[in-house]
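Next come the chains, spelled out residue by residue.
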Amino acid sequence: MNQLKRWENIGIDEINRLSPRADYLSFPSKQLAAKQIKESSHFYMNLNGDDWRFLFLEAPEYSPKDFYKTAYDASAWDTVKVPGNWQRQGYGNMHYSDLWYSFPIIPPHVPTENPTGIYRRQFVLDEKKDNGQMILRFQGVDSAFEVYLNDSFVGYSKGARIQSEFDVTEYCKSGSNLLTVRVFQWSDGTYLEDQDMWWLSGIFRDVDLYYRPDAGLYDVTVKTLFDSDLEDGTLSAAPLFTEKKGQTILYELTAPDGKTIFEKELPGEQPLVQKVVSPYKWSAETPFLYDLYMTVKMDGNIVEVIRQRVGFRSIEVKGRTFLVNGVAIKLKGVNRHDYHPKTGRVVTRELIEQDIRLMKQHNINAIRTAHYPNAPYFYDVCDEYGMYVIDEADLECHGFELTGDYGWISDNPLWEKAFVSRLKRMMMRDKNHPSIIMWSLGNESSFGCNFRVMAEFAKQTDPTRLVHYEGDSEAEVSDVFSTMYTWLEDETKMTMDHVITNTKKPHILCEYGHAMGNGPGNLKEYQDLFYAHDHLQGGFIWEWYDHGVETVDENGEVYYKYGGDFGDEPNNRNFCIDGLLMPNRQPSPSLLEYKKVIEPVKTECVDMAAGMFRLRNHYDFLDLSHFKLLCSFYEDDVLLEEKEVKLPDIPARESSVLQISYPHVEKKDGAHYYLRFSYRLKKKTAWADQGEELAAAAFTWHKEARKKRAVQTGEKPINVSHDDHRVIVEGQDFKIMFDDVKGTLLTVERDGKVWIEQGPRLNFWRAPIDNDMYLLRDYKETHFMHLWHELVQSVDYTFKDQDFIWRVRTYNGTVNSSWYYSSAYEYRVSPDGTIHCEILGTASGKKEKAPAMLPRIGVEMHVNKSFDKAAWRGLGPGENYPDSREASYHGVFQMGIDQLFTNYVKPQENGNRMACDWIGLQNKKNDALLCQAEDTLNFSASRYEDTDMENARHTKDLIKRDYLVWHLDARQNGLGSNSCGQDQLDRYRCKFEDFRMSFRLKMASLGDDSLAALGREN
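Values in this document were obtained by computation on a predicted structure and should not be read as measured data.

Draft legend 1. How the structure looks around the overall build of the protein chain. Of the regular secondary structure elements, the protein chain holds twelve helices and 57 strands. Here the C-alpha radius of gyration of the protein chain, 33 Å, is about what a compact globule of 1018 residues would show, namely 31 Å. By the burial criterion, 62% of the 1018 residues in the protein chain qualify as buried. For the protein chain, long-range pairs separated by at least 24 residues make up 73% of all intrachain contacts whose partners lie at least 6 apart in sequence. Accessible surface computed for the protein chain: about 39000 Å², of which carbon and sulfur atoms make up 46%.

Draft legend 2. Quick peek at the UniProt feature "domain: Beta galactosidase small chain/" (unreviewed entry) in the protein chain. Under the present numbering, the feature "domain: Beta galactosidase small chain/" (unreviewed entry) in UniProt falls on residues 728–1002. A distance of 18 Å separates the end C-alpha atoms of residues 728–1002, which is 6% helix and 52% strand.

Draft legend 3. Spotlight on the packing of helix α7 (residues 523–532) against helix α8 (residues 589–597). Close contact between α7 and α8 brings their axes to 10 Å; oriented N to C, the two are set at 25°. Relative to α8, α7 is oriented roughly parallel. Relative to α8, the crossing made by α7 is right-handed. Along its contact with α7, which presents Leu-523, Lys-524 and Gln-527, the element α8 presents Glu-593, Tyr-594 and Val-597. Counted by class, the contact of α7 with α8 contains three nonpolar, one polar and two charged residues.

Draft legend 4. Representation of the sheet that holds strand β1 (residues 14–15) within the structure. As summarised here, the arrangement of the seven strands in space is β1-β10-β9-β12-β6-β3-β4, forming an open sheet in which the pairing is antiparallel. The open sheet is flanked by β1 and β4 (78–82), the only strands paired with a single partner. Two elements, β1 and strand β10 (residues 152–158), share two bridges in a ladder whose sense is antiparallel. Bridge pairing in β10 links Ile-15 to Tyr-156.

Draft legend 5. Structural detail: the sheet that holds strand β18 (residues 248–254). Across the sheet, which stays open at both edges, the four strands sit in the order β19-β18-β21-β22 with antiparallel pairing between neighbours. Two strands lie at the open edges of the sheet, namely β19 (260–267) and β22 (301–310), each paired on one side alone. Put simply, the sheet's adjacent strands are angled 15° from each other on average, direction ignored. Two strands pair when backbone bridges link them, and β18 and β19 are joined in this way by seven bridges, in the antiparallel orientation. Residue Thr-254 lies in a different strand from β19, and its bridge partner there is Thr-260.

Draft legend 6. Geometry of the pattern of salt bridges. A complete count under the given rule lists 73 salt bridges for this structure. Its salt-bridge partner being Arg-989, residue Asp-983 comes within 3.2 Å of it at the nearest N-O pair. One connected set of salt bridges, linked through shared partners, spans Asp-142, Arg-161, Glu-193, Arg-345, Asp-394 and Arg-422.

Draft legend 7. Molecular detail of the domain arrangement of the protein chain. Partitioning the protein chain into structural domains gives domain 1 (14–213), domain 2 (217–310), domain 3 (316–596), domain 4 (599–703) and domain 5 (758–1016). Counting residues at the interface gives 37 residues for domain 3, matched by 37 residues for domain 5. Between domain 3 and domain 5, a total of about 3100 Å² is buried, with carbon and sulfur atoms accounting for 53% of that surface. When residues of domain 3 are sorted by the area they lose upon contact with domain 5, Asn-518, Asn-522 and Glu-593 head the list and together hold 22% of the total. For the interface between domain 3 and domain 5, the tally reads two salt bridges. Put simply, the parts of the chain that give the side of domain 3 that touches domain 5 at least two residues each are α7, β34 (558–561) and α8.

Draft legend 8. The side chain of Glu-8, seen in detail. Mapped onto the secondary structure, Glu-8 falls in the segment before β1. Despite being buried, Glu-8 has no salt bridge partner; Lys-5 is the closest side chain of opposite charge, sitting 5.2 Å away. At 2.9 Å, the side chain of Glu-8 forms a polar contact with the backbone nitrogen of Val-110. With near-sequence residues (within four places) excluded, Glu-8 lies in contact with Pro-108, His-109, Val-110 and Asp-188.

Draft legend 9. Geometry of the environment of His-967. One can find His-967 in strand β56 (residues 963–972). We classify His-967 as buried; its relative accessible area is 4%. Along the sequence, His-967 and Thr-700 sit 267 residues apart, while their C-alpha atoms lie 26 Å from each other. Setting aside residues up to four positions removed in sequence, His-967 forms contacts with Asn-763, Arg-856, Val-859, Glu-860, Asn-938, Phe-939, Ser-940 and Asp-946.

Draft legend 10. Broad picture of α8. Within α8, seven of the nine residues are buried, which leaves the element mostly enclosed by the surrounding structure. Next to the buried residues of α8 lie β25 (331–335), α2 (349–361), β31 (507–512), α7, β32 (536–541) and β41 (693–703).

Draft legend 11. View of the pairing of strand β30 (residues 481–484). Residues of β30 alternate between two faces, with Phe-481 and Thr-483 on one and Ser-482 and Met-484 on the opposite face, all of them buried. A crossover links β30 with its parallel partner β31, the connecting element being helix α6 (residues 496–502), and its sense is right-handed.

Draft legend 12. Up close: the packing of helix α4 (residues 416–430) against helix α5 (residues 449–461). It is at 9 Å that the axes of α4 and α5 come closest, and there the two elements cross at 30°. With respect to each other, α4 and α5 are oriented roughly parallel. For the pair α4 and α5, the crossing hand works out as right-handed. Side by side, α4 and α5 meet where Glu-416, Phe-419, Val-420, Leu-423, Lys-424, Met-427 and Met-428 of the first sit next to Asn-450, Phe-451, Val-453, Met-454, Phe-457, Ala-458 and Thr-461 of the second. When the residues that make up the contact of α4 with α5 are grouped by side-chain class, the tally is ten nonpolar, two polar and two charged.

Draft legend 13. Expanded view of the packing of aromatic side chains. Inspection of every chain in the model, using the stated rule, returns 69 aromatic pairs. Ring centres of Tyr-191 and Phe-400 lie 6.0 Å apart, and the angle between their planes is 40°; on these two criteria the pair is classed as tilted. On the criterion of sequence distance, the pair formed by Tyr-191 in the loop between β12 (175–184) and β13 (197–198) and Phe-400 in the loop between β27 (388–392) and α4 is long-range, its members being 209 residues apart. Each member of the pair Tyr-191 and Phe-400 is classed as buried. Taking 5.8 Å as the distance between ring centres and 50° as the angle between the ring planes, the aromatic pair formed by Phe-738 and Tyr-827 counts as tilted. With Phe-738 in strand β44 (residues 734–739) and Tyr-827 in strand β49 (residues 819–829), the pair connects residues that are 89 residues apart, well separated along the chain. Take Phe-738: its relative accessible area is 0%, and that puts it in the buried class. A relative accessible area of 1% places Tyr-827 in the buried class. One aromatic cluster is present, formed by Tyr-101, Phe-103, Trp-186, Tyr-191, Trp-199, Phe-400, Trp-408 and Trp-415 through successive ring pairs.

Draft legend 14. Local environment of unusual backbone geometry. Residue Pro-83 is reached from Val-82 by a cis peptide bond, and omega for that bond is 0°. Considering the arrangement of structural elements, one finds Pro-83 in the loop between β4 and β5 (96–97). Cis geometry marks the peptide bond from Gly-876 to Pro-877, where omega comes out at 0°. Among the structural elements, Pro-877 can be located in the loop between β52 (869–876) and β53 (889–896). Positive phi, close to 50°, is recorded for Tyr-485, a residue that is not glycine. Looking at the element boundaries, Tyr-485 is found in the loop between β30 and α6. Backbone geometry at Asp-636 places phi at a positive 50°, although glycine is not the residue there.

Draft legend 15. How the structure looks around the environment of Pro-239. Following the sequence through the fold, Pro-239 ends up in strand β17 (residues 233–241). As a C-alpha pair, Pro-239 and Val-222 span 17 residues in sequence and 8.7 Å in three-dimensional space. Ignoring sequence-local partners within four residues, the contact set of Pro-239 consists of Leu-217, Asp-219, Val-220, Ile-249, Tyr-251, Gly-268, Gln-270 and Pro-271.

Draft legend 16. Broad picture of α4. The end-to-end C-alpha distance of α4, which contains 15 residues, comes to 22 Å, matching closely the 21 Å that a straight helix rising 1.5 Å per residue would cover. Within α4, twelve of the 15 residues are buried, leaving the element largely enclosed by the surrounding structure. Of all the residues in α4, the buried ones are Ala-418, Phe-419, Val-420, Ser-421, Arg-422, Leu-423, Arg-425, Met-426, Met-427, Met-428, Arg-429 and Asp-430.

Draft legend 17. Looking closely at the pairing of strand β46 (residues 753–763). Looking at chain direction, strand β45 (residues 745–750) and β46 are connected through three bridges and run antiparallel. Residue pairing for β46: Glu-749 is matched across the bridge by Val-754. Hairpin connection of β45 to β46: two residues between the antiparallel strands, including Asp-751 at a positive phi of 50°.

Rules behind the numbers
- Residues numbered from 1 in each chain as written.
- Predicted model: local features only at pLDDT ≥ 70, side-chain atom pairs only at ≥ 80, totals over all residues.
- Heavy atoms only, no water.
- Helix = DSSP H or I, 4+ residues; strand = E, 2+ residues; numbered from the N terminus.
- Rg over C-alpha atoms; globule rule 2.2 N^0.38 Å.
- Buried < 20%, exposed > 50% of the residue type's maximum accessible area, 1.4 Å probe, protein only.
- Contact = heavy atoms within 4.5 Å.
- Areas by Shrake-Rupley, 256 points an atom, 1.4 Å probe, with all protein chains shown as cover.
- UniProt positions renumbered as here; feature names shortened; annotations may be inferred.
- Axes fitted to C-alpha atoms, helices over the stretch in contact; angles between N-to-C directions.
- Parallel < 35°, antiparallel > 145°, perpendicular 65-115°, else oblique.
- Left-handed = near helix turned anticlockwise from the far one by under 90°.
- Nonpolar A, V, L, I, M, F, W, Y, C, P; charged D, E, K, R; others polar.
- Pairing = 2+ DSSP bridges.
- Salt bridge = Lys/Arg side-chain N within 4 Å of Asp/Glu carboxyl O.
- Domains from an automatic or database assignment.
- Buried area = accessible area lost by both parts, 1.4 Å probe.
- Lys, Arg positive; Asp, Glu negative; His and termini not counted.
- Polar contact = N/O pair within 3.5 Å; in protein donor to acceptor, adjacent residues only side chain to side chain.
- Right-handed = clockwise from strand over helix to strand, strands pointing away.
- Phe/Tyr/Trp six-rings, centres within 6.5 Å; stacked < 30°, edge-to-face > 60°.
- Expected span 1.5 Å × (residues − 1).

Structural data, given as structure tokens:
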């Protein structure tokens, strides 16, 4: 049998790597420990930088002889930045895939063509410290690597996304030192690292060198427990020394307010077990942190001082729920990858803090570290800001699913060491962080004997936390029943109703709400279930951030590449563009929707006339005393009054009724009156400014009817003329042209200028959204939904009461379809130029052959491009769809046409606004084109046709049309989350059913008036 190469040998998990341990800093004094400045520790050197010499090779075997020796001349090598992924610095190939391995599946073998990077860096030690260890630490290297220092081999490690430490005391020296690291892109570890992300290699996290005193702690395990009534706590600390020299440890605990709780000095080998009376409890809502100082002494002298943050909290399973501090909490979470559009998997502490602050501002309280441990400072931030964490081992074997033997290595005892090592290293490093409530064994790797051993290790090592693994579909070893993308309704799949009825353990959705492109829909329906059932304890949206690669085209325009844009095969195209946060760090509409759905205060109308509203506190621990409630009263878009309203005392998970008084106002004909609640922070926090709005609600408290339209007199009578097949309708200041063959309204002019360049035409197609991906083949190859035809049956016109009436009857159907609409258009033109439009469709033909859903039912018009601003009365201000409208509220809004457009990385349907009773377009001359609906309509206005967005791969491919595309829709299909999960729920589907649209188009010069004032007129 051929001898395995080191990077293919599953029996070699490491060479000379130190045993895993907690991540902490050691200082010479308490004063320095309190400041936690790394450079003030005994010794610390950061080895990051852009001066690493770098040699890129096709395979490890091509490495130059003695490449690690000081005598070797590497001056001709390139230089790169560490941390950095070499693919983002011009080496190797960018490649994105969701589940495929990039080579044949023959574990543990990897390709001979194994891209390899050799890094070299010199550093200078002023002097070598005695009586201790010099430890070289790598926080993340993908995938496996060897370390050399000063002509000597130091060690080897694999496990890309977890800490590796080496004792280099005997290898380093005073003066100049040469560090060499050889990194292999592929290793046997790669079979455990098949996560849904870009394949990126190299030293991508911090590299540093630090000193640990021999007589100091090697490790410490800190735990907190509570008594049965959750009143008093117990703090335990289990120290571990490598050398026992009669050390003692002085333990000092200080409270969040700085007061000393206790001081106790114990022999070094004796664990601390100390009762703490009524400690503040840590939770994501109340992240109270104590400081435990551990001063190690020997012969009366201080050896070191370590500061450990401590959060008192309990986690237990009781029946079908898991409890944090006695409460069956709700996880309002996200899955988070390390990612940056320029640097790949290289993220700084500052970027992580930005993420956490933004999450907190959007009411997110939990993170799953999908699908690997994060950098140590991530957990520090989660402890401090308050975030529940499922810490997930760097383990995914997804590609095996396609072999028909999903458990190929997961159920193979020969791989046990590799599996358990990844969990152990994560747990040992992260064990002292209160934010971590569950250890996750990995992701999408089937199930088998190795997961059983991992779970046993986790439970024996740390019984204070829960074990999670979604691949344990029977919850055999997992403490929670975890599922992904469980449907709300379906006749064949497991649904949430099944989970509600059958699960015997707490349930979480470790992934749901696939946030790819325009979507997801149905978030409210999931959250309503979570609130209704104690054992449904929430979930984690997939995912936080789009993984687009920032690129600048020849015109200087920034766009974002995705799978396939680098010639990478096989790839999953834009499946990596699936985040709540866009690559430019702008919140997507889905993040705003999620913020609203999980908001901490729900406001419900009890009696609108009496001003009675029920406020529900959805916090698990906090009352609402940290909020200021502002109530604002509007007449359309005019603020009438804003006042602060005293909030009643509402404990966590309780509700109360609040009564407000409406302002006295003389009502205007046609005006709508709105009330908006805004719950804002009274004080600045670590993650938000004073006044940050975390919850809101809006209601329509009165609608005043439009004044009945007066009979128009004195207008010039309408004149009708014919020009070939054109029928021209003219009035005092307008001209409207119809086609008597196609029956279409061609153009509308006012004062000699064309305002409408193409009149309303029935339209049932929209640019496909990512969540339509599994519908498209059926749409395009069975129903030909993108190829509609209008068959004109009759065209005629007449006059009635001075009005010109144009009638058209058509059949509207797709290529080769036996189902169709029998449609009727009627345009009624008044002498003042107002166009009354009524369009009816009767579902006809072999209706049973129609698709389950139509993309939309509506009309499309082309409008003069000078109309660059829109206003509407309906849902806004952001885009909204039938199953994604919670973040929107009723009111009057206005914005530029370009602002209506949501610039998704891959262009698709966007910008819809629902429930509008009027929509207006305005240009810089204050010309206004107004649509007033008999009931309500959807609308969007864009500079692109649907086909432009459908055919564009990136935003840079979009070229603005020479006109404005104006959609008025009776219905829009829902969004769903079917790119991965539930499709459109039945009640949100745009079905092949009868429809009616009725609206009128007005042209006007506004002068000093507003579109809102025009919209109120009859």
